[in-house]
Structure formats: C-alpha cells, structure tokens
Amino acid sequence: MKLLREWSRNKYIYLMLLPVVIYYVVFLYFPMYGLQIAFKNFSPAIGIWGSEWVGFKHFVSFYESYYFWRLIRNTVMISLYELVFGFPAPIILALLLNEIRKRVFKNIVQSITYLPHFISIVVVAGMMVDFLSGDGLINQLTSLFGIPSVSFLIAPEWFRTIYVSSGIWQGIGWGSIIYLAAIAGIDPSLYEAAKTDGAGRFKQILHITVPGIMPTIIIMLILRFGTLMAGGSLEKILLLYNSTTYETADVISTFVYRRGLLQMDYGFSAAIGLFNNIMNFILLVSANTISRKINNTSLW
C-alpha cells in the first residue's frame, strides 16, 4: 500500500526517471552478461556459452606478461600527473575569476577558457601534432633563438607533459564552473565580517572561500580517485602516441584496445578490462571511506 501511495503521489517524476533507468539497464547493466568471456577462451564462432572455461588463466597470463608493470606504471603515472597538475587547475582558475571585479573582463576570460572544452579531441590532437612536429610552430619559434629542434611526438619523455598540459588547457575553464557555483553559495556576510576584522582579499580566500568550497573539492577528488586506473582518455592517447612512445604512453586501456580489437583476443582483453575496473572500484570505495572518517564528507 505504501508503494502504491508513493507511486500515485509521484508517478510523473518516476515516469521522467524511466528513460534514464532504461538507458542504464540496456547499455550498462545488461552488457555485464558478457563479462564471463574474461574467464573463457572466447570464440565468436561458437558464442559465449559454447566457449571453453579457462578460469583465471587470462588474469595470470596478464600478470606474468612483459607488459604488466609497464602498463601499471604508465597508467598510474599519467593519472597522478593529471591529479597533481590537472585537478587543482580549475580550482585556482575559479578562485582567480571570483576575484575579478570588472564584469565585462570576467565574462571575456570565462568565454576564452570555456571554448577549448567544445573542441573535439580529434581536433585537439591534430593541433598538438601540427604544433609539436619537427617542423611545427613550436620548433619554428624556438629556432629563432638558436634552440635545436626537438621531435616532441616521438620522444617518450615528452608524452606525459604534452598529454597533461593539453588536457589542462582544454578542460580548465569548463572544470571551473562547478567551483564557481560552489563559491556563489558562500554566505556574503562572512566576507563582510572578515573585512570588518581587517582581513585582506588573500586572507578571505584562504579562510572563507577555500573552506567554503572544500566539500565540493573533496567530492570531486573522490570521483577522480575512481578513475585513477583509467590512465586518461583512451581516444586522446590513441591519437597522440606511437610505437616509439609506448615506453611512457602505453596504458591499460590502449593495450586492451590493441589486444582485443586489433588482435581479436577478446577473452584476454576482457580480463584486463575487468581487472582495471575492479581496481578503480577499490580505489573509489577506499577514498570515500577515508574521506568519511576524516571529515565526514563522502559520496555515500
């Protein structure tokens, strides 16, 4: 009876929610049926049920492979680079934008920083190739000062810097929106009280603005930990890397792409993908638990 009353009271809300539920069931939950190929010697010719069970063979093979530690290292390093340099960038931009008093100038800066988000990853990767190739814009400019040309795109030591810096450029403006919204929710009377006590603008940022948006920062950080083993954007890495930069650019997702789609080793690639997702899940739950115990802020 309680369920029927709830339905009759909010039936239109549940009907609005229905398409979202159907989407997740069809495209996210139902495909989990295929995860069993990670434990099978899968062959498309005989299907999932007809394929032979091999247990944890693929997982063991991945662990014992030459590529295992390289993939783990590259995946973690790219994610850490993004965490250390990319995560604080939109926060800093939001704090700076909040201090701009000229509304016209603020709107111009926001528009300029938002625009790269709407550029396709393919276009961004193409821009990086044009700018950083041997005869690209960067090398042409540095040659004016007598600096030798550098082949950035085939130098393994430059890949992480190129990947992370271009990601910051593309996402810093769009990422700052959520922090600007959090700043807008801070009680203005706190700033008035701080001014009365003689606090300057920097101390207001340090003692009012940053603590005011700290719950938002923590939630976003927890979500970022949930993708720590993702190793960045698969599409972007595929567009930027090549065989000469595998040493620092090859991550778990790109290895799964090559092994699964190009070499058609579906069972092995499914096992690697499942391992990757389990690690992300563990990191997400761990980060959420630690945050809840330390400062009572968590996703659940």
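For every chain, the first residue of the written sequence is number 1, and numbering continues from 1 along that sequence. Side-chain atom pairs in this predicted model are given and counted only at pLDDT of 80 or more, local residue features only at pLDDT of at least 70, and totals for whole chains, interfaces and linings cover all residues. Hydrogens and water molecules were not included; the side-chain quantities draw on all heavy atoms of the structure.

1. Some thoughts on the UniProt feature "domain: ABC transmembrane type-1" (unreviewed entry) in the protein chain
Next, step 1: Annotation from UniProt places "domain: ABC transmembrane type-1" (unreviewed entry) at residues 72-287.
Next, step 2: In DSSP terms, a helix is any run of H or I states spanning at least four residues, a strand is any run of E spanning at least two, and both are numbered starting from the N terminus. For residues 72-287, the end-to-end C-alpha separation is 19 Å, with 76% helix and 0% strand making up the annotated structure. UniProt positions are given in the numbering used here, feature names are shortened, and annotations may be inferred rather than shown by experiment.

2. Describing the domain arrangement of the protein chain
Next, step 1: Domain annotation of the protein chain identifies domain 1 (2-50) and domain 2 (57-295).
Next, step 2: Here domain 1 and domain 2 have C-alpha centroids that lie 30 Å from each other.
Next, step 3: Any pair of residues with heavy atoms lying within 4.5 Å of one another is described as a contacting pair. Contact residues are listed per partner, giving eight residues for domain 1 and seven residues for domain 2.
Next, step 4: Computed with a 1.4 Å rolling probe, the buried area is the accessible surface lost when two parts are put together, summed over both parts. Together domain 1 and domain 2 conceal approximately 580 Å² of surface at their shared face, both sides included; 79% is due to carbon and sulfur atoms.
Next, step 5: Criterion for a salt bridge: a side-chain nitrogen of Lys or Arg within 4 Å of a carboxyl oxygen of Asp or Glu. Counting across the domain 1 and domain 2 interface gives zero salt bridges.
Next, step 6: Polar contacts, as counted here, are pairs of nitrogen or oxygen atoms within 3.5 Å of one another; within protein the pair requires one atom able to donate a hydrogen and one able to accept it, and residues that are adjacent in sequence qualify only if both atoms are side-chain atoms. Between the two partners, domain 1 and domain 2, sit one residue pair in polar contact (both at pLDDT 80 or more).
Next, step 7: Looking at the side of domain 1 that touches domain 2 residue by residue, the classes come out as six nonpolar, one polar and one charged. An automatic or database domain assignment supplies the residue ranges for each domain. We call Asp, Glu, Lys and Arg charged. Ala, Val, Leu, Ile, Met, Phe, Trp, Tyr, Cys and Pro are nonpolar, and the rest, Gly among them, are polar.

3. Digging into the packing of aromatic side chains
Next, step 1: Two rings belonging to Phe, Tyr or Trp (six-membered ring only in the last case) form a pair when the distance between their centres is within 6.5 Å. Interplanar angles under 30 degrees mark stacking, angles over 60 mark edge-to-face geometry, and anything in between is tilted. Scanning the model with the defined rule gives 21 aromatic pairs in all.
Next, step 2: With a centroid separation of 5.3 Å and an interplanar angle of 40°, the aromatic rings of Tyr 23 and Phe 27 are classed as tilted. Taken together, the positions of Tyr 23 and Phe 27, both in helix α1 (residues 2-29) and four residues apart, correspond to about one turn of that helix.
Next, step 3: Here's how the labels work: a residue is buried when its accessible area is under 20% of the maximum for its type, exposed when over 50%, partly exposed in between, all with a 1.4 Å probe on protein chains only. Judged by its relative accessible area of 43%, Tyr 23 falls in the partly exposed class.
Next, step 4: Taking 6.2 Å as the distance between ring centres and 20° as the angle between the ring planes, the aromatic pair formed by Phe 159 and Tyr 163 counts as stacked. You can see Phe 159 and its partner Tyr 163 sitting in helix α9 (residues 156-184), four residues apart, about one turn around the helix.
Next, step 5: Taking relative accessible area as the criterion, Phe 159 reaches 4% and is therefore assigned buried.
Next, step 6: Here a set of aromatic residues connected by ring pairs shows up, and it is made of Phe 62, Tyr 63, Tyr 66, Tyr 67, Phe 68, Trp 69, Phe 255, Phe 268 and Phe 275.
Next, step 7: Look at NZ for Lys and CZ for Arg. If either is within 6 Å of the ring centre and within 35 degrees of the ring normal, a charge sits over the ring. Here Lys 236 stacks its cationic end above the ring of Tyr 163, 4.8 Å away from the centre of that ring.

4. Structural notes on the pattern of salt bridges
Next, step 1: All chains considered together, the criterion is met by six salt bridges.
Next, step 2: One salt bridge connects Glu 6 with Arg 9, and the closest N-O pair in it is separated by 3.4 Å. A residue pair is termed a helical-turn pair when its members lie 3 or 4 positions apart in one helix, as Glu 6 and Arg 9 do in helix α1 at three residues.
Next, step 3: Residue classification places Arg 9 among the exposed residues on the basis of a relative accessible area of 57%.
Next, step 4: For Arg 101, the salt bridge identified is with Glu 99, shortest N-O distance 3.9 Å.
Next, step 5: Using a relative accessible area of 59% as the deciding quantity, one classes Arg 101 as exposed.

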